[in-house]
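Chain and residue survey
Residue strings, one per chain:
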Protein chains: 2
Amino acid sequence: MALIVQKFGGTSVGTVERIQQVAEKVKKFRENGDDIVVVVSAMSGETNRLIELAKQASDDQPVPRELDVMLSTGEQVTIALLTMALVRRGVPAVSYTGNQVRILTDSAHNKARILQIDDQKLRADLKAGRVVVVAGFQGVDEHGNITTLGRGGSDTTGVALAAALKADECQIYTDVDGVYTTDPRVVPQAQRLEKITFEEMLEMASLGSKVLQIRSVEFAGKYNVPLRVLHSFKEGPGTLITLDEEETMEQPIISGIAFNRDEAKLTIRGVPDIPGVAFKILGPVSAANIEVDMIVQNVAHDNTTDFTFTVHRNDYQAAQQVLENTARELGAREVIGDIKIAKVSIVGVGMRSHAGVASRMFEALAKENINIQMISTSEIKVSVVIEEKYLELAVRALHSAFELDAPARQGD
Amino acid sequence: MALIVQKFGGTSVGTVERIQQVAEKVKKFRENGDDIVVVVSAMSGETNRLIELAKQASDDQPVPRELDVMLSTGEQVTIALLTMALVRRGVPAVSYTGNQVRILTDSAHNKARILQIDDQKLRADLKAGRVVVVAGFQGVDEHGNITTLGRGGSDTTGVALAAALKADECQIYTDVDGVYTTDPRVVPQAQRLEKITFEEMLEMASLGSKVLQIRSVEFAGKYNVPLRVLHSFKEGPGTLITLDEEETMEQPIISGIAFNRDEAKLTIRGVPDIPGVAFKILGPVSAANIEVDMIVQNVAHDNTTDFTFTVHRNDYQAAQQVLENTARELGAREVIGDIKIAKVSIVGVGMRSHAGVASRMFEALAKENINIQMISTSEIKVSVVIEEKYLELAVRALHSAFELDAPARQGD
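The model shown is predicted, which means the values in this text are computed figures rather than measured ones.

Considerations on the overall build of chain A
- Helices and strands together make up the secondary structure of chain A, namely twelve helices and 20 strands.
- For 412 residues, the compact-globule estimate of 2.2 N^0.38 gives 22 Å, and chain A sits close to it at 24 Å.
- Taken along the three principal axes of its C-alpha coordinates, chain A extends 75 × 60 × 35 Å.
- Counting over 412 residues, chain A shows a buried share of 53%.
- Sequence-distant contacts in chain A: of pairs separated by 6 or more residues, those separated by 24 or more amount to 74%.
- For chain A, the exposed area adds up to about 18,500 Å²; of that, 47% sits on carbon and sulfur atoms.

Some points on helix H2 (residues 46-57) of chain A
- Counted at 1.5 Å a residue, the expected span for H2(A) with its twelve residues is 16 Å, and the 17 Å between its end C-alpha atoms agrees.
- For H2(A), the set of buried residues is A:Glu46, A:Thr47, A:Leu50, A:Leu53, A:Ala54 and A:Ala57. Projection of H2(A) onto a plane perpendicular to its axis shows the buried side chains occupying an angular sector of 125°, all on one side.
- At its buried positions, H2(A) is contacted by helix H3 (64-88) of chain A together with helix H1 (16-31), helix H2 (46-58) and helix H3 (64-88) of chain B.
- Two residues or fewer past H2(A), A:Asp59 is found with a positive phi of approximately 50°.

Considering the relation of the copies chain B and chain A
- Mapping chain B onto chain A calls for a screw motion: a turn of 180° about the axis and a shift of 0.1 Å along it, with 0.1 Å RMSD after fitting. Both copies of the chain, as the preceding transformation shows, are related through a two-fold rotation axis. When C-alpha positions in chain B are compared against the rotation axis, the closest is assigned to B:Thr73, at 2.6 Å.
- When the interface residues of chain B are mapped onto chain A, 100% of them again fall at the interface, so both copies present the same face.

Brief notes about the interface of chain B and chain A
- Contacts between chain B and chain A engage 42 residues on the former and 42 residues on the latter.
- In total, chain B and chain A occlude about 3,100 Å² of area from one another, counting both sides; carbon and sulfur atoms represent 62% of this.
- Along the contact surface separating chain B from chain A lie four salt bridges.
- As a salt-bridge pair, A:Arg88 and B:Asp59 come within 2.9 Å of each other at their nearest N and O atoms.
- On the surface where chain B and chain A come into contact, there are 16 residue pairs in polar contact (both at pLDDT 80 or more).
- Secondary structure elements with two or more residues in the side of chain B that touches chain A: H1, H2, H3, strand S3 (93-96) and helix H4 (98-101) of chain B.
- In terms of residue count, the dominant contributor to the side of chain B that touches chain A is H3(B) (17 residues).
- Its residues placed into classes, the side of chain B that touches chain A shows 21 nonpolar, 14 polar and seven charged.

Quick word on the sheet that holds strand S13 (residues 256-260) of chain B
All names here are of chain B.
- Strand order across the open sheet formed by four strands is S13-S18-S20-S19, with antiparallel pairing between neighbours. Each edge of the open sheet carries a strand with a single partner, namely S13 and strand S19 (372-378). The mean angle between the axes of side-by-side strands here comes to 20°, regardless of whether they run parallel or antiparallel.
- The sheet contact formed by S19 and strand S20 (residues 381-387) spans six bridges and is antiparallel. Note that in S20 the partner of Ile 375 across the bridge is Val 384.
- Running at roughly 20° to S20, helix H11 (residues 357-367) makes contact with strand S18 (341-347), S19 and S20 of the sheet.

Considering the environment of A:Ser255
Residue and element names in this part refer to chain A.
- Summarising the element assignment, Ser 255 is placed in the loop between strand S12 (239-242) and strand S13 (256-260).
- Spatially, the C-alpha atom of Ser 255 lies 46 Å from that of Gln 56, the residues being 199 residues apart in sequence.
- Side chain to side chain, Ser 255 and Glu 200 meet in a polar contact 2.7 Å long.

Digging into the pattern of salt bridges
- Within the structure shown, the criterion is met by 38 salt bridges over all chains.
- A salt bridge links B:Glu194 to B:Arg192, with the nearest nitrogen and oxygen atoms 3.3 Å apart.
- Classification of B:Glu194 by relative accessible area gives exposed; the value is 51%.
- A residue is classified by how much of its surface remains accessible, and B:Arg192, at 25% relative accessible area, is partly exposed.
- One network of salt bridges, in which partners are shared, links A:Glu46, A:Arg49, B:Glu46 and B:Arg49.

Observations regarding the UniProt feature "binding site: substrate" (unreviewed entry) in chain A
All names here are of chain A.
- When the UniProt feature table is mapped onto this chain numbering, "binding site: substrate" (unreviewed entry) sits at Thr 47 and Glu 75. These annotated residues cover 29 residues of sequence, and their C-alpha atoms lie no more than 9.1 Å from one another, placing them together at a single site.
- For Thr 47, the position within the fold is in helix H2.
- Position of Glu 75 among the secondary structure elements: in helix H3.
- Among the polar contacts made by the side chain of Glu 75, one reaches the main-chain amide nitrogen of Ala 42 at a distance of 3.3 Å.

A word on the environment of A:Val69
- Structurally, the position occupied by A:Val69 is in helix H3.
- Separated by 63 residues in sequence, A:Val69 and A:Val132 have C-alpha atoms that sit 22 Å apart.
- Not counting chain neighbours up to four residues away, the residues in contact with A:Val69 comprise A:Ile146, B:Gln76, B:Ile79, B:Ala80 and B:Ser95.

A look at the sheet that holds strand S14 (residues 263-272) of chain B
All names here are of chain B.
- Ordered by their spatial adjacency, four strands build an open sheet running S15-S16-S14-S17, and the pairing between neighbours is antiparallel. In this open sheet, the two edge strands, each paired with only one partner strand, are strand S15 (292-297) and strand S17 (334-338). Averaged over all adjacent pairs, the angle separating strand axes in this sheet is 20°, with direction ignored.
- Bridge analysis of S14 against S17 gives five bridges, and the strand direction is antiparallel. Counted as the bridge partner of Leu 266 is Gly 337 from S17.
- Across the sheet, helix H9 (residues 277-287) touches S14, S15 and strand S16 (304-312), and the angle it forms with S16 is around 25°.
- The strands that helix H10 (residues 316-330) touches are S14, S16 and S17; relative to S14, the one it contacts most, it runs at about 0°.

A look at the environment of B:Val131
Residues and elements named next belong to chain B.
- Here Val 131 shows up in strand S6 (residues 131-135).
- For Val 131, a relative accessible area of 0% puts it in the buried group.
- C-alpha separation for the pair Val 131 and Ser 95, spaced 36 residues apart in sequence, amounts to 8.6 Å.
- If we skip the residues at most four places from it in the chain, Val 131 touches Val 26, Arg 30, Ile 36, Val 38, Leu 86, Val 91, Pro 92, Ala 93 and Val 94.

Remarks on the packing of aromatic side chains
- In this structure the tally under the stated criterion is six aromatic pairs over all chains.
- Centre to centre, the rings of A:Phe8 and A:Tyr173 are 4.5 Å apart; their planes meet at 10°, and the pair counts as stacked. You can see A:Phe8 sitting in strand S1 (residues 3-8) and its partner A:Tyr173 sitting in strand S9 (residues 169-174), a full 165 residues away along the chain.
- Seen from the ring of A:Tyr96, B:Arg65 lies directly overhead, with NZ or CZ sitting 5.7 Å from the centre.

So, the side chain of A:Glu203
Residue and element names in this part refer to chain A.
- When you line up the elements, Glu 203 lands in helix H7 (residues 198-206).
- On the basis of relative accessibility, which here comes to 17%, the residue Glu 203 falls in the buried class.
- Those residues in contact with Glu 203 that lie beyond four places of it in its chain are Val 347, Ser 378, Ile 380 and Lys 381.

What counts, and at which threshold
Residues numbered from 1 in each chain as written. Chains lettered and ligands numbered in written order. Predicted model: local features only at pLDDT ≥ 70, side-chain atom pairs only at ≥ 80, totals over all residues. Heavy atoms only, no water. Helix = DSSP H or I, 4+ residues; strand = E, 2+ residues; numbered from the N terminus. Rg over C-alpha atoms; globule rule 2.2 N^0.38 Å. Buried < 20%, exposed > 50% of the residue type's maximum accessible area, 1.4 Å probe, protein only. Contact = heavy atoms within 4.5 Å. Areas by Shrake-Rupley, 256 points an atom, 1.4 Å probe, with all protein chains shown as cover. Expected span 1.5 Å × (residues − 1). Arc of directions from axis to C-beta. Least-squares fit on C-alpha atoms with pLDDT ≥ 70 in both. Buried area = accessible area lost by both parts, 1.4 Å probe. Salt bridge = Lys/Arg side-chain N within 4 Å of Asp/Glu carboxyl O. Polar contact = N/O pair within 3.5 Å; in protein donor to acceptor, adjacent residues only side chain to side chain. Nonpolar A, V, L, I, M, F, W, Y, C, P; charged D, E, K, R; others polar. Pairing = 2+ DSSP bridges. Axes fitted to C-alpha atoms, helices over the stretch in contact; angles between N-to-C directions. UniProt positions renumbered as here; feature names shortened; annotations may be inferred. Phe/Tyr/Trp six-rings, centres within 6.5 Å; stacked < 30°, edge-to-face > 60°. Lys NZ or Arg CZ within 6 Å of the ring centre and 35° of its normal.

Spelled out as structure tokens, the structure:
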């Protein structure tokens, strides 16, 4: 008998009919003898509806505390509906809001962080044979104010509950049946991964394979909560996300290929090579609330250096203006940029112990005559920036070079 | 500087635009230097929408505890919206759910009763100059379960808060500008009452002048909270509902004429006049969940008596069947009934000290050749049942006979 936390997102509970399907699924697990805690989001569309009302009432300046009072009602409706659907099926169940559990958070409205979870009530209910249905995304601060964790926070609620209850598994139900070696729309041979490590998942997620909230993965890694991504309405084992325990031997070198076509790059050329220059360049960018992704600076040449970074395409114009000012102040030669770029990354804990992974990547790209514009590496990832038009070709070439292609299925 | 509790119902907060109007009104009171606690209902239509969802999820058998979890979200959204609209106008404000206040109730889900209100937080906020916006209709039981007071319970929340805070006045904003001597659609000369006593208001309300929830009037009477009925969006003093304090001298004998055309009467004739017969007749009616209004039994005749009562017209068929059974068991002569009846009542604390009120009533009806079928009286009310077609005529005749008609206005 296992204790499982199951999280269903807004689309999975988007209609009463879907809530009934979720109830059926939970019932089956219960009949297998598992103890179940279910975490649900607001019905899809509800959060946006409430935000719209709040904007209307406040001239686009919703009061953060009051916005949380409103937004938390979305999940509150879903927990009651799912609990009723369970009871109707003869499954004893009870619902709890974040406040009722009590999921204690800090007081940062709209983006609160969980500090502590009281597991007393939940344990008593589980012991009494009840399924416990908890509102995701919300909590309460020490003063009794309702807080929300920010968008996607229901994943975090699921993981935090699993950690507090020392659950055997936290299952995140989504609209995909697992984590893939890369986007199947680009590479039809992409395979579902049986397993992936937290670190790999973080790199995959931040690089564009948006299956889970990054924060919830960090959280799961920190508290070592086994996390499983599954499809809400299809059968299948999904993908298990766990710690990397002495299994490196069996693992492939690369787990997946991530990519991102939303970026643009900017280079400031001929910057004096003196201490503090990186801060002088990035400080104003950051002050303008522009997030920077890759940063590359090569060794200096004739006492000047080139400094390149990537930003989201939407921020390209703003970043360019900031950089022109900086260039004047620093006496740099010029600012150049390009929005027609794409980032491709290979990710895998296996590369730690395998030399030559990067060269194998570069070789595969060279074979296809794809020029590499920028390179950056971490312990478990190598990212390159290439011309955007080569993106699909590059992903397919790498997927094949690292032997990730699924064997051709019968009938394919 | 007064402390005022203001309650706005679902129609008054039915759209964001109306919520803005309510915020304007509250702001004006605040600028007059009054301390304000606002109680709001769910936006009109929201409660029905939620009930519909609950029925769908539960095959028409909503779990009472879970239904309260859902329904309470309606007011939770409104308090946040109104608070934002106030803050936007520069009026410091804060919202509280029933649980946050803490409005302690019993555990009777969907129809809970308020046991106790903690006024600590509210007093601190008022002292700090904030308007406090409280969710009506909801509370929390001793175990932390969310409860609701049942339909119309927001009025009760307003009165209970006013009692707990010893407020100077509890203002109930509605879609009428006060309590009238009778329905102005029947008698154009009907006048708005400046004042009415709690007892009169109870008799008026239960007799069909549905301005306020009966329960909230009882509550206000019990705790002596001055209650004022006002129009949400029109100016005017409304009607004040208070205790009857030695002002009888100045009061008119009759405050108003109430009427009701939703009733039907049933008579069981020739019942043996023995102890316990009334119970034998009404017991089965009550067991069939049929509510009985007027009951009349006259003195016996030849050891048999006639027993008459009125029920809601929708219950007429069911009551008749029950009564036929009873008649057979008791050996009564026959069961007769009539649905084409109407009840007309004169209400006024003044009649306590004035003899002859009933005879004046009967005289006025006789002058119009209206036959009286049943009579029942209480200390401050005389009700008669007449043929339905005479209803308007009877009300107008009584309104005039008791000198309630407004002087003809210029231009009328």
